[in-house]
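Spelled out from the first residue to the last, the chains are:
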Amino acid sequence: MKPFLLLLLLQLTACKLMDKKDHPMDHELSKGFSGDLDGKSLGIYTLSNANNMKVDITNYGATIVRLYVPDKNGKLEDVVLGYDSLPGYYQGKSYFGTIVGRYANRIAGATFSLDGKAYPLAANNGPNTLHGGIKGFDKVVWDVKEEDESLTFTYTSKDGEEGYPGNLAVSVRYSLNNANELEIRYAAETDKATVLNLSNHSYFNLDGQGKGNILGHELMINADSFTPVDSTLIPTGVLQKVAGTPFDFTTAHTIGERVNDTSNEQILYGKGYDHNFVLKGDNGKMKLAARVHSPSSGRTLEVETTEPGVQFYCGNFLNGSEQGKGSVYQYRYGFCLETQHFPDSPNQPSFPSTVLKPGEKFRSQTIFRFGNK
């Protein structure tokens, strides 16, 4: 199907689009996300709700491109970092809004062993593998299925792709409801034992993307401990209590309050916060992960997940080299709350397992709930 026909079909069927006058960038956005790659058509897909929330998603990387959320005065702003067109995502290295896998986060030494066999991977983050390798799930074209008020993206990762074993069939379902909840449901099956860790890598700024840094945002993380790392950001295997450290977000603190505490070795290693927090609650069951509030805009974000961990990252490696949507993204212009299994779990037997075997079905769920106060 030609790209313009695909886009027209999307607008008329699966997506409950708002009036174009509400979002004058829609036409230009669509032009920037059409074309063909790897024999598949590319496009932009839209979901909206009765409260004027809207999310634009491209099937390149199953990526959240724009997310419009009202502030305390009802003004809509796009609250996720990203690019105006596909070339930015082809070339970008910050994973703005993408699905990351086959293994989200880092694997130490770019290798792991499974059932007595070693699997070498690409070292794309110093000595380690990050977010699946050179061409992870963020750099592939996903197929799309339109459903009632949701979009399901599917991709089959072939045995040996980026060094991982097994033909892995993956689906990611996005839905948006009138409670202002953006829900992501992940599912996967394999024909050979493999390791799997999936996450969405959206960068949020609740004041609006490009509207300055996020240091004044107030953050609570539902975790009594975190996984400290070495100088290459690989967990040491210890679960460290957050009490008495800059990592204690059991009650709300602004992100900027302790982010530059250079007396803390972990802050030095991460150049700020870039750490996995061990969530309270059972693995596999829905639980609160974090709450965020911007006093300036009034917007709130609450994250719930079935995953055992969440990686809190506050844009420490943004440096003004990324030309985003109408603005250059400077240091700490966005934060991530990546729901996940722990980094380097394939090499850390004490961590919750990320092994998926034939006959098993991987399931995971995360909800991003937006509001105001």
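As the structure is a prediction and not an experimental result, all values here were calculated from the model.

Undergrad: Could you give an account of the nonpolar core, with specific residues and numbers?
TA: Membership of the largest hydrophobic core comes to 59 residues, with the highest contact counts inside it found for L67, W142, Y174, I221, F277, F312 and F370. If you tally residues by element for this core, the top one is strand β14 (residues 168-176), at five residues. Apart from residues no more than four positions distant in its own chain, F277 is found in contact with I221, A223, S225, F226, V242, F247, F249, P308, G309, V310 and F312.

Undergrad: Go over the pairing of strand β3 (residues 44-48), please, and point to the residues and values.
TA: Among the five residues of β3, five are classified as buried, and the element is accordingly described as predominantly covered. Every second residue of β3 is oriented toward a common face, with I44, T46 and S48 on one face and Y45 and L47 on the other, all of them buried. Bridge count between β3 and strand β4 (residues 54-58): five bridges; the pairing is antiparallel. Considered in β4, the bridge of T46 is made with D56. The antiparallel pairing of β3 with β4 creates a hairpin that spans five residues between the two strands, and N52 there sits at a positive phi of about 70°.

Undergrad: Give me the side chain of R106: which residues, what numbers.
TA: Relative to the elements of secondary structure, R106 occurs in strand β8 (residues 106-107). In this structure the side chain of R106 is engaged in a polar contact, spanning 2.9 Å, whose partner is the side chain of N125. Excluding anything up to four places from it in sequence, R106 contacts N125, T129, L130, T232, L233, I234, D274, P343 and D344.

Undergrad: Explain the sheet that holds strand β30 (residues 362-372) residue by residue, including any values.
TA: The nine strands are arranged β12-β13-β14-β15-β30-β24-β23-β18-β21 in an open sheet whose pairing can be described as antiparallel. Two strands in the sheet have a free side with no partner beyond their single neighbour: β12 (143-147) and β21 (253-254). Note that strand β18 (residues 218-221) and strand β23 (residues 287-293) share four bridges and pair antiparallel. Counterpart to I221 in the pairing with β23 is A290.

Undergrad: An account of the packing of aromatic side chains is needed here, citing residue identities and associated values.
TA: The full count for this structure, using the stated rule, is 26 aromatic pairs. Ring geometry for F247 and F277: centres 6.2 Å apart, planes at 45°, overall tilted. Taken together, the positions of F247 in the loop between β20 (240-241) and β21 and F277 in strand β22 (residues 274-279) put the pair 30 residues apart, joining distant regions of the chain. For the residue pair F247 and F277, the accessibility class agrees, reading buried in each case. Within the aromatic cluster, the residues linked to one another by ring pairs are F33, Y83, Y89, F96, Y203, Y313, F317 and Y329.

Undergrad: Run through the pairing of β18, naming residues and quoting values.
TA: One ladder, built from two bridges, connects β18 with β21; its direction is antiparallel. Note that in β21 the partner of L219 across the bridge is H253.

Undergrad: Run through the sheet that holds strand β19 (residues 223-227), naming residues and quoting values.
TA: One open sheet holds the five strands; their spatial order is β20-β19-β22-β25-β28, and the pairing between them is antiparallel. Only two strands of the sheet have a single partner each, and these edge strands are β20 and β28 (336-340). Bridging between β19 and β20 involves two bridges; their strand directions are antiparallel. Its bridge partner lying in β20, F226 is registered against Q240.

Undergrad: Tell me what's going on with the environment of L114, and back it up with residues and numbers.
TA: The topology assignment puts L114 in strand β9 (residues 111-114). Residue class for L114 comes out buried when judged on its relative accessible area of 10%. For L114 and N260, which are 146 residues apart along the polypeptide, the C-alpha to C-alpha distance reads 39 Å.

Cut-offs used in this document
Residues numbered from 1 in each chain as written. Predicted model: local features only at pLDDT ≥ 70, side-chain atom pairs only at ≥ 80, totals over all residues. Heavy atoms only, no water. Core = buried A, V, L, I, M, F, W, Y, C linked by side-chain atoms within 4.5 Å. Buried < 20%, exposed > 50% of the residue type's maximum accessible area, 1.4 Å probe, protein only. Helix = DSSP H or I, 4+ residues; strand = E, 2+ residues; numbered from the N terminus. Contact = heavy atoms within 4.5 Å. Pairing = 2+ DSSP bridges. Polar contact = N/O pair within 3.5 Å; in protein donor to acceptor, adjacent residues only side chain to side chain. Phe/Tyr/Trp six-rings, centres within 6.5 Å; stacked < 30°, edge-to-face > 60°.

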